[in-house]
Each structure stands twice: as structure tokens, then as C-alpha cells.
Amino acid sequence: MESASPVAIADADPMSVRALKDITFGSIAGMVSKLFEHPFDLTKVRLQSQVLDATARFKGPIDCLTQTWKKEGIRGLYRGLPAPVVGAMAENATLFWSYTELQNAIRFFSKQPASQGLSLDQFAVAGAGAGFVTSFVLTPIELVKCKMQVQMLMAPGVSLAQAAGAPSPASSSAALPHSSLSTPGSSLPHKLPGPIAVLTSVIRTYGFRGLWLGQTATMIRETGGGAAWFASKEAVATLLLKRRHVKDKKELQAWESAVSGACAGVAYNVALFPADTVKSAIQTEAELRPRAAGEPAPTFLSTFRVMYRAQGIRGLYAGCGITVARAVPSSAIIFLIYDGLSRRFG
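Residues numbered from 1 in each chain as written. Predicted model: local features only at pLDDT ≥ 70, side-chain atom pairs only at ≥ 80, totals over all residues. Heavy atoms only, no water.

An unreviewed UniProt entry annotates the chain as Mitochondrial carrier originating from Laetiporus sulphureus 93-53. Regarding the chain, the UniProt comment filed under Sequence similarities (unreviewed entry) reads as follows: "Belongs to the mitochondrial carrier (TC 2.A.29) family." (UniProt positions renumbered as here; feature names shortened; annotations may be inferred.)

Right under this line is the structure:
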């Protein structure tokens, strides 16, 4: 079989090549960043999941990290890692590909030449659209991740089917006291299921539709967050280039990519963090607050109201501090790798 010649490669559809590069570079950037940030993401989810409990299991992010390390070790800090690694690859591949394609669509409909840069508002629209598209890819992966991250906190006697989302005939949806929940490191009645077991259990219980539990919250978070993420990155990068009197973004230096990416990470998480908190509560309800038979499934609005009544704004921003702290280096890594690969192979 003959290998493709340089001429054949050069003649390849430039849009297809650009899309392949976006997907590849985004996947690599997402995977590397997730390996760094996962323990902090686990902490965030566990703090969010205790908002509706009568007594908190953790005093704060440091206490959560410390307890997890002491009682579960390094394996506990990386519990549920396979799902978010796959998710980060899929998320960033979809994000960057969608972002590029939507920029092209904006230029087409506004009849702007490819050489002309978009306005900040247009970048925000493209980012919002990219986040919207990505939310449908991300929700099933985050569902599996969140369920695995709270397995060690699961209510005693909860079966794997109930953990997947099936209501318990004898349980209540009321906030559970600390004493009725397992603590990290305590023995559970079942061997903890892996990502495939969690995934198949959800499908058996609710079908494929059940994989999109929490989709509304994810969509709100990703749409608003995508607009904030990309627009912030573009704005800061433009300011840094102006300092050097440079206009071409291909001339962005590595440290400039990292700084603009770090700012984007802060903007993304601050923008619509309560939507993420609601998502985590919905996706971990079956493990921590099993519903009684016949009780309606939680919706975004109903969960938001309950969480607001329980702890107000503070509860809706549970875990925000550590999330922003890890988003600074994580988002910097993503854009450092993506921009670096684009400069090298773009």
C-alpha cells in the first residue's frame, strides 16, 4: 500500500484538515489538563453534593482533600478518573472544533473575509454555540464521573440499581443527617462499580435517555461558560499582543497563551457556577438522597430552589474557591498546549 504523497496531503480539503487538527489538539490538551486537576474536581463535586445534607461531612476543600487522602489514599483522589479523561478529550475536541466552525459560519453570514478578525461579541457568540454543542457530549460522561466520585459517601443499603437512579421504596428525599451516610473509607455493602458498570446500570434503569440526567444544568453552564471562556481568552490575548505591537495571534508567545488561558478559566467558572452545583446535586441524588417510589425526578428549577432554601447563595457556590484555583493552571495548560500545537503543526 503506497503512502500518501506530500502533494496529496497538500491537496487535502483544508477545512477537513483544520477540523482534524482542532479535534486532535483539543483532545491532547484536555487529557493532560484533566490528569492535573482531577483531585480538585473530585473535591468540588463532594462539597457540592453535601449542600442538601443536614450535617456537612467536610468543613471545606482542604478538609475534603485531607480526609480523602487519609482514608482513601491516592486511589481515592483519582476515583472516577477514566470517565473525566475521556470526557476532557471529547469536551475539548468538540469545543475547539465547534468554535472554529462557528467562527467560519459567522464570517460567512456577515460576509467578513477570513483575514479579518472577529469582534469580541462574535467570539462570545461562537464560544456560546460551541459550549451548547459540547454539553450534549459532556453530560453522560460527567454523570458517570460524579456518581463515581461520591461512591464512598453512598447511603448504606443503596443498591447499584438505586445508585444508577432507580427510586427506593423505603427512602426519603429529605436531607439526610451525617450519621446516616457512609464516610470516606467506610465499608460499603457492594464492591464499588467501575465506569462501565455505572454506565450500563444507568442504561438498564432508564435507557439511553437516562445518560442525559442533568442536561439542562450542563447546557446552561457550558453555553454561558463557553462564551466567557473563549471571549476572555481572546480579549486577554489581544491585549498582550498589543503590548508588543503585534496583531497576528499566531505570534502569541507560550507565556501569553498560558496567562490568557488562566484568565479564561476564572471567567468560565465564575460565570455560571451555580448551574454546575445544581448539576452535581442532580447527578448524585440517587447515591446520597434516594427518592421514594413515585416521587417525581428532580428538575433543574426544583433542585435550584431547594438548594437556595437550604444554604442560599453560599450553597450554590459550594466548591467554587477550589474550582477557580484549579481552573487557573488547568485552563492555562489547555491553551498552552492547544496554541503550541497549532503554532507547530497549524
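## A word on the nonpolar core
Ranked by size, the top nonpolar core spans 19 residues in total, and within it Phe 96, Tyr 99, Trp 229, Phe 230 and Phe 335 carry the most contacts. Counting residues per element, the ones that place at least two in this core are helix 2 (14-49), helix 4 (82-110), helix 5 (120-149), helix 8 (215-243), helix 9 (254-271) and helix 13 (320-345). Ranked by residues supplied to this core, first place goes to helix 13 with five residues. Apart from the residues within four sequence positions on either side, Phe 96 is in contact with Asp 22, Gly 26, Trp 229, Phe 230, Ile 334, Phe 335 and Tyr 338. Counting residues in hydrophobic clusters, the runner-up holds 11 residues, among them Leu 52, Ile 282, Phe 300 and Met 307. (Core = buried A, V, L, I, M, F, W, Y, C linked by side-chain atoms within 4.5 Å. Buried < 20%, exposed > 50% of the residue type's maximum accessible area, 1.4 Å probe, protein only. Helix = DSSP H or I, 4+ residues; strand = E, 2+ residues; numbered from the N terminus. Contact = heavy atoms within 4.5 Å.)

## So, the packing of aromatic side chains
Geometry of an aromatic ring pair is reported as the spacing of the ring centres plus the angle between the planes. Taken as a whole and judged by the stated rule, the model has 15 aromatic pairs. Their ring planes at 70° and their centres at 5.0 Å tell us that Trp 229 and Phe 230 sit as a pair that is edge-to-face. Here Trp 229 matches Phe 230 in class, with each residue buried. Ring centres 4.6 Å apart and planes at 45° place the aromatic pair Trp 229 and Phe 335 in the tilted group. Linking Trp 229 in helix 8 with Phe 335 in helix 13, this pair joins segments that are 106 residues apart in sequence. Looking at Trp 229, the relative accessible area reads 6%, which means it is buried. On the basis of relative accessible area, Phe 335 is assigned to the buried category, the value being 2%. Here the aromatic cluster, defined as three or more aromatic residues joined through ring pairs, consists of Phe 25, Phe 96, Tyr 99, Phe 123, Trp 229, Phe 230, Phe 335 and Tyr 338. Arg 344 extends its terminal NZ or CZ atom over the ring of Phe 345, reaching a point 4.9 Å from the ring centre. (Phe/Tyr/Trp six-rings, centres within 6.5 Å; stacked < 30°, edge-to-face > 60°. Lys NZ or Arg CZ within 6 Å of the ring centre and 35° of its normal.)

## A word on the pattern of salt bridges
Following the criterion strictly, the structure yields 15 salt bridges and no others. Ionic pairing is found between Lys 145 and Asp 41, a salt bridge with its closest N-O pair at 2.8 Å. Within this pair, whereas Lys 145 is found in helix 5, its partner Asp 41 is found in helix 2, the two being separated by 104 residues in sequence. Residue Lys 145 shares its accessibility class with Asp 41, and that shared class is buried. Where Arg 244 meets Glu 256, a salt bridge forms, and the shortest distance between an N and an O atom there is 2.9 Å. In this pair, Arg 244 sits in the loop between helix 8 and helix 9 while Glu 256 sits in helix 9, placing the two residues 12 residues apart along the sequence. By relative accessible area, which is 28% here, Arg 244 ends up partly exposed. Through salt bridges that share partners, Lys 34, Glu 37, Asp 41, Lys 44, Glu 142, Lys 145, Arg 221, Glu 222, Asp 276, Lys 279 and Arg 326 make up one connected network. (Salt bridge = Lys/Arg side-chain N within 4 Å of Asp/Glu carboxyl O.)

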